[in-house]
Amino acid sequence: MAHPVQIRAEVLSRTAEGSYHRLVLRAPQAAPRVRPGHFATLACADSGRLLRRALAIHRADPEAGTIELVIAERGEGTRELARTRVGDRLDLIAPLGTPFPLPDGPVSALLVADGYGGAPLVALGEEIRRRGGQVGFILGAASADRLYGVEQARAITQDVLVVTEDGSAGLAGRVTDPLAQAIKAIDATVVHACGPMPVLRAVTTIALGLGARCHTAVEEAMACGVGICMTCVLPVVGADGVSRFVRSCTDGPVFDGARVRWGDIGTVPPDLEGAAAMEGLS
């Protein structure tokens, strides 16, 4: 497991890409530690905002000593970060979380993302190809401006499907609509996905139904990012068959989709270990 570092990272560039912003930060101590699926947290400059913002790591370049982050503006904190200027220094902690598992050899993998969930999948696709594997992408969003990573995915493979709900780019529909056909088309044995919980639940169901493994990077709200506050827990079945609440920020954000109890997220299942004690506290 990579140990995170906390540094003052210099902003080298900020680029608007559709509805998102891509930050390139100088972070030589952190870049060599990053693996696809890791995330980072940034402190907002305004001291009135105590909580850091968790952001997907798009890619890292150990030789250049840089880390690229993708920001979706969702509130005051992310809007502030999206308006940083070249030369600013940001308080960065990275890499955090559990990344995607990497194959020991060639595999056929389908990478599925909704919205800016495409950010961590580009580096994953590159790494799978580097190990001799085959990859395909399905990238979806509500509209064309909310897609991320399409051209970068096309630089990796010709097997790229684009889906938008309003039909403004690619096929019209949901990102899961062509999933079963795409798994069969490239004979995928594993599916890696990143996006909102309902999308990940649907991707997992379809992938498992076709005999493919499924690894999911959850987009769960994280307050601390280091496992202290317990605000990002979700029910997961352990290797021993026992269901427990686990922390998305440390045990995830990447989980075996077959072990996540998607239908029970947001509840306290009665068979969960420690559920009786939790009920007593409510």
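For the structure itself, consult the block above.
Colleague: Outline the sheet that holds strand E10 (residues 171-172), supporting the account with residue identities and numerical values.
Modeller: A sheet is described by the order of its strands in space; here seven strands give the open sequence E10-E9-E8-E7-E11-E12-E15, paired in mixed fashion. Where the open sheet ends on each side, the last strands, each with one partner, are E10 and strand E15 (254-256). As judged from the five bridges shared by strand E8 (residues 134-141) and strand E9 (residues 160-164), these two strands associate in the parallel manner. Bridging from a neighbouring strand, Phe137 pairs with Val160 of E9. Across the face of the sheet, helix H2 (residues 121-130) comes into contact with strand E7 (108-114), E8 and strand E11 (190-195) while running at roughly 170° to E8. The sheet contacts of helix H5 (residues 197-209) involve E7, E11 and strand E12 (213-218), and relative to E12 the element is tilted by about 175°.

Colleague: I'd love a proper account of the packing of aromatic side chains, names of residues and values included.
Modeller: For the coordinates displayed, the defined rule picks out two aromatic pairs. Considering the side-chain rings of Tyr20 and Tyr116, the 5.7 Å spacing of their centres and the 35° angle between planes classify their relative orientation as tilted. Here Tyr20, found in strand E2 (residues 20-26), pairs with Tyr116, found in the loop between E7 and H2; they are 96 residues apart in sequence, far enough to count as distant. Summarising the burial analysis for this pair, Tyr20 and Tyr116 share the class buried. Geometrically, the ring pair formed by Tyr20 and Tyr148 is edge-to-face, given 6.0 Å between the ring centres and 75° between the ring planes. Of this pair, Tyr20 sits in strand E2 while Tyr148 sits in the loop between E8 and helix H3 (150-156), and the two are 128 residues apart along the sequence. With respect to burial, Tyr20 and Tyr148 carry one shared label: buried. Following the ring pairs from residue to residue traces out a cluster consisting of Tyr20, Tyr116 and Tyr148.

Colleague: Tell me about the sheet that holds strand E4 (residues 53-61), and please be specific about residues and values.
Modeller: Pairing is antiparallel in the closed barrel, where six strands are placed in the order E1-E2-E5-E4-E3-E6. Each adjacent strand pair in this sheet contributes to an overall mean axis angle of 45°, direction not counted. Relative to E4, strand E3 (residues 39-42) runs antiparallel, the two being bridged by four bridges. Residue pairing across strands places Phe39 opposite Ala56, the latter belonging to E4.

Colleague: Quick one: what's the story with the nonpolar core, residue by residue and with numbers?
Modeller: As a rule of thumb, nonpolar side chains are buried together in soluble globular proteins. Grouped together as the largest cluster of nonpolar side chains are 26 residues, with contacts concentrated most on Leu110, Val112, Ile138, Val191, Val203 and Leu234. Elements that contribute at least two residues to this core include exactly E7, helix H4 (179-185), E11, H5, E12 and strand E13 (233-237). Ranked by residues supplied to this core, first place goes to H5 with five residues. Sequence-distant contacts of Leu110, that is, excluding residues within four places in its chain, are made with Gly136, Phe137, Ile138, Leu179, Ala182, Ile183, Ile186, Ala188, Val190, Val191 and His192.

Colleague: Could you give me a rundown of the pairing of E13, with the residues and numbers involved?
Modeller: Within a regular strand, the side chains alternate between the two sheet faces. By the bridge criterion, five bridges tie E13 to strand E14 (residues 243-247) in an arrangement that is antiparallel. Counterpart to Val233 in the pairing with E14 is Arg247. Between E13 and E14, which follow one another and run antiparallel, lie five residues, and Gly241 among them has a positive phi close to 85°.

Colleague: Outline the state of the cysteines, supporting the account with residue identities and numerical values.
Modeller: Across all of its chains, the model carries zero disulfides by this definition. The thiol sulfur of Cys249 is not disulfide-bonded, and the nearest other cysteine sulfur, from Cys232, lies at 3.8 Å.

What counts as what
Residues numbered from 1 in each chain as written. Predicted model: local features only at pLDDT ≥ 70, side-chain atom pairs only at ≥ 80, totals over all residues. Heavy atoms only, no water. Pairing = 2+ DSSP bridges. Helix = DSSP H or I, 4+ residues; strand = E, 2+ residues; numbered from the N terminus. Contact = heavy atoms within 4.5 Å. Axes fitted to C-alpha atoms, helices over the stretch in contact; angles between N-to-C directions. Phe/Tyr/Trp six-rings, centres within 6.5 Å; stacked < 30°, edge-to-face > 60°. Buried < 20%, exposed > 50% of the residue type's maximum accessible area, 1.4 Å probe, protein only. Core = buried A, V, L, I, M, F, W, Y, C linked by side-chain atoms within 4.5 Å. Disulfide = S-S within 2.5 Å.

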